Amino acid sequence: MPLLHLTLPLPPYCLHVGVRRLLPAPAPRHGRLSVVMRATAVEVSAATEVNTLPFPPDQAVHHRELAAAADVVERACRLCVDVKKSLFSDRRNILEKNDETPVTIADFGVQALISLVLSNVVFYYVVIGREELQRLFPSIPLVAEEDSASLRRSEADDDCNYALVESIFSAVEHKVSKGDSPLTHDDVLRAIDRGGKNSVSFDSNHATYWVLDPIDGTKGFLKGDDALYVVGLALVVDEQLAVGVMGCPNWTEDPTDNENDVNATAFSGRGVLVVSHVGCGTWSRRLSAEIDQFTRAHDIWTRCYVDTCSEVHMARYCLSDGQTWDMIPLSLLFSTTTDEHDPRDDNKVLILPVFWGSLSKYLAVAAGRASVFVMRTKATVIRKSWDHAVGVICVQEAGGQTSDWSGKPLDFAADETSRRNIYPSGGFLASNGILHDKLIEMISANSK
């Protein structure tokens, strides 16, 4: 077992997933799932669980973890949508981190919400009008982007900035409750810090942990209604990516999809929830109009596949934010266009319009909207696990391939003590798989 030092124990919470109506708890049965409420143990047979995923529990070892992750990511998307409605009325709702990237009450609120839910001792769950209680995963550590240091400073130094902490608290408090005890500001700040850089210490042994990017593409979140941003959550089990969930509230159907495209219906409408489980594929459905609205999985899930492009010059490419084509070794071989109707020959490739953040590019590849996502690393910039983990499993389970520029798989255990940093050789490459070896060969041959 890995050596873990958890420094931020959290009190038990209840997540109110639905409030349609209360029913008596199921009669006790022997089963694999034990659940607790107010110190009363209730055992629920696994056979009685409602399957909210596109595959049954007996086909997925981490079915329970994925179901919980999908639910809380969808709730986090609702939090983002709600926050965005009022975000621009007060610029105090936005901070700037040391790396000059913005962070909003939605970033902090999502991290607090997911931390509280995943660390719960008690989980109060209503699915299709039926009440369930589940013990969640308090022993699985969380590796996440934010911490509360700047919030605690602002709370102490400036009465006006206290409004920022209060806004985060308000965004979270109605989605969790601490039994009979009210949620406090400090509870929320400690929940944020559960995923912070000093909250857990690993060693070289294989570890199991959650990886969270509360909002990937915060600049897109701030830019406007149609810009993409992603809530991304992955579960690493014994150093292998096992589960992934991405929620993208602004994702819309690609107008270039034709009705024969296998993915044409996978991302129809506005807003998408994408789930992946090792060995079970990548699946998508639209975000619910209301978070407490549940429908049966087989009615709403569509399997996702990468595209089938086999020619490098005919592929559709995504670049990292702030990077240009001339920074990529392939630029020595191909010119570019951003107009898909522009005639292309063997020497010109199509660059898709900007997607904010890395995870939306992985999502585009997994959806078959893009063929390739290529990103160069810089020696001066340390790349973070949460910007890539969930994207990697979603692409791979959709039939694609990911690696660094040397062709090696990304090593999420390279940072032995914190699992926060990754060190790819040259850069990142996600593709439909068919093109991967060709692209690695071209990149290697033309790297300076």
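Residues numbered from 1 in each chain as written. Predicted model: local features only at pLDDT ≥ 70, side-chain atom pairs only at ≥ 80, totals over all residues. Heavy atoms only, no water.

1. Focus: the UniProt feature "binding site: Mg(2+)" (unreviewed entry) in the chain
Filter applied, for reference: UniProt positions are given in the numbering used here, feature names are shortened, and annotations may be inferred rather than shown by experiment. Note on conventions: DSSP H or I runs of at least 4 residues are helices, E runs of at least 2 residues are strands, and numbering of each starts at the N terminus. Contacts: residue pairs with any heavy atoms within 4.5 Å of one another.
Here the UniProt feature "binding site: Mg(2+)" (unreviewed entry) sits at Glu145, Asp213, Ile215, Asp216 and Asp387. Spanning 243 residues, the annotated positions come together in the fold, the maximum distance between their C-alpha atoms being 9.7 Å. Within the element layout of this structure, Asp216 appears in strand β10 (residues 209–216). The residue Asp387 is located in the loop between β20 (383–384) and α9 (389–397) in this model. Here Asp387 is in contact with Asp213, Asp216, Ser358, Leu359 and Tyr362, once residues within four sequence places are set aside.

2. Concerning the packing of helix α2 (residues 105–118) against helix α4 (residues 162–173)
To keep it simple, the criterion reads: The angle between two axes is taken between their N-to-C directions and runs from 0 to 180 degrees, where each axis is a line fitted to C-alpha atoms and a helix contributes only its stretch in contact. Oblique is the label for any angle not under 35 degrees, not over 145, and not in the 65 to 115 range, which are roughly parallel, roughly antiparallel and roughly perpendicular in turn. Handedness of a helix crossing follows the sense of rotation of the near helix relative to the far helix, less than a right angle counterclockwise being left-handed and clockwise being right-handed.
Packing of α2 against α4 leaves a shortest axis separation of 9 Å and a crossing angle of 45 degrees. As summarised for this structure, α2 and α4 are arranged oblique, according to the angle between their axes. The crossing of α2 and α4 is right-handed. Residues Ile105, Phe108, Gly109, Ala112, Leu113 and Leu116 of α2 form the contact with α4, whose own contacting residues are Leu164, Ser167, Ile168 and Val172.

3. With respect to the packing of aromatic side chains
Aromatic ring pairs are described here by two measures, namely the spacing of the ring centres and the angle between the planes. Condition: Any Phe, Tyr or Trp ring, taking Trp's six-membered ring, that has another such ring centre within 6.5 Å forms a pair; planes under 30 degrees apart are called stacked, those over 60 apart edge-to-face, and the others tilted. Only protein chains enter the accessibility calculation, which uses a 1.4 Å probe; a residue whose area is less than 20% of its type maximum is buried, one above 50% is exposed, and one in between is partly exposed.
One pass over the full model with this rule turns up three aromatic pairs. Ring plane angle 85 degrees and centroid distance 5.2 Å describe the contact between Tyr362 and Phe373, whose orientation is recorded as edge-to-face. Of this pair, Tyr362 sits in helix α8 (residues 359–366) while Phe373 sits in strand β19 (residues 372–376), placing them eleven residues apart in sequence. On the basis of relative accessibility, which here comes to 1%, the residue Phe373 falls in the buried class.

4. Structural notes on the side chain of His436
The test is simple: Polar contact is the term for a pair of N or O atoms within 3.5 Å; when the atoms are in protein, one must be able to donate a hydrogen and the other to accept it, and sequence-neighboring residues count only if both atoms are side-chain atoms.
Here His436 is to be found in helix α10 (residues 436–446). By relative accessible area, which is 1% here, His436 ends up buried. A polar side-chain atom of His436 sits 2.8 Å from a polar atom in the side chain of Ser403.

5. Some details on the confidence of the model for the chain
Put simply, the rule reads: Looking at any residue, its pLDDT shows the predictor's confidence there, from 0 to 100.
The share of residues in the chain with pLDDT of 70 or more is 72%, and the mean pLDDT across the chain is 78. Every residue in residues 121–135 is under pLDDT 50, and counting partners more than four places away or in other chains gives 64 contacts.

6. Quick word on the nonpolar core
Quick note on the threshold: Put simply, buried Ala, Val, Leu, Ile, Met, Phe, Trp, Tyr and Cys residues joined by side-chain atoms within 4.5 Å make one nonpolar core.
Ranked by internal contacts, the top residues of the largest apolar core, which has 61 residues, are Ile114, Trp210 and Leu233. Residue contributions to this core peak at twelve residues, all from helix α1 (residues 63–87). With sequence-adjacent residues up to four places away left out, Ile114 is seen in contact with Val72, Ala76, Leu212, Val231 and Leu233. By size, the runner-up hydrophobic cluster in this structure holds 44 residues, among which are Val143, Met246, Ala366 and Ile393.

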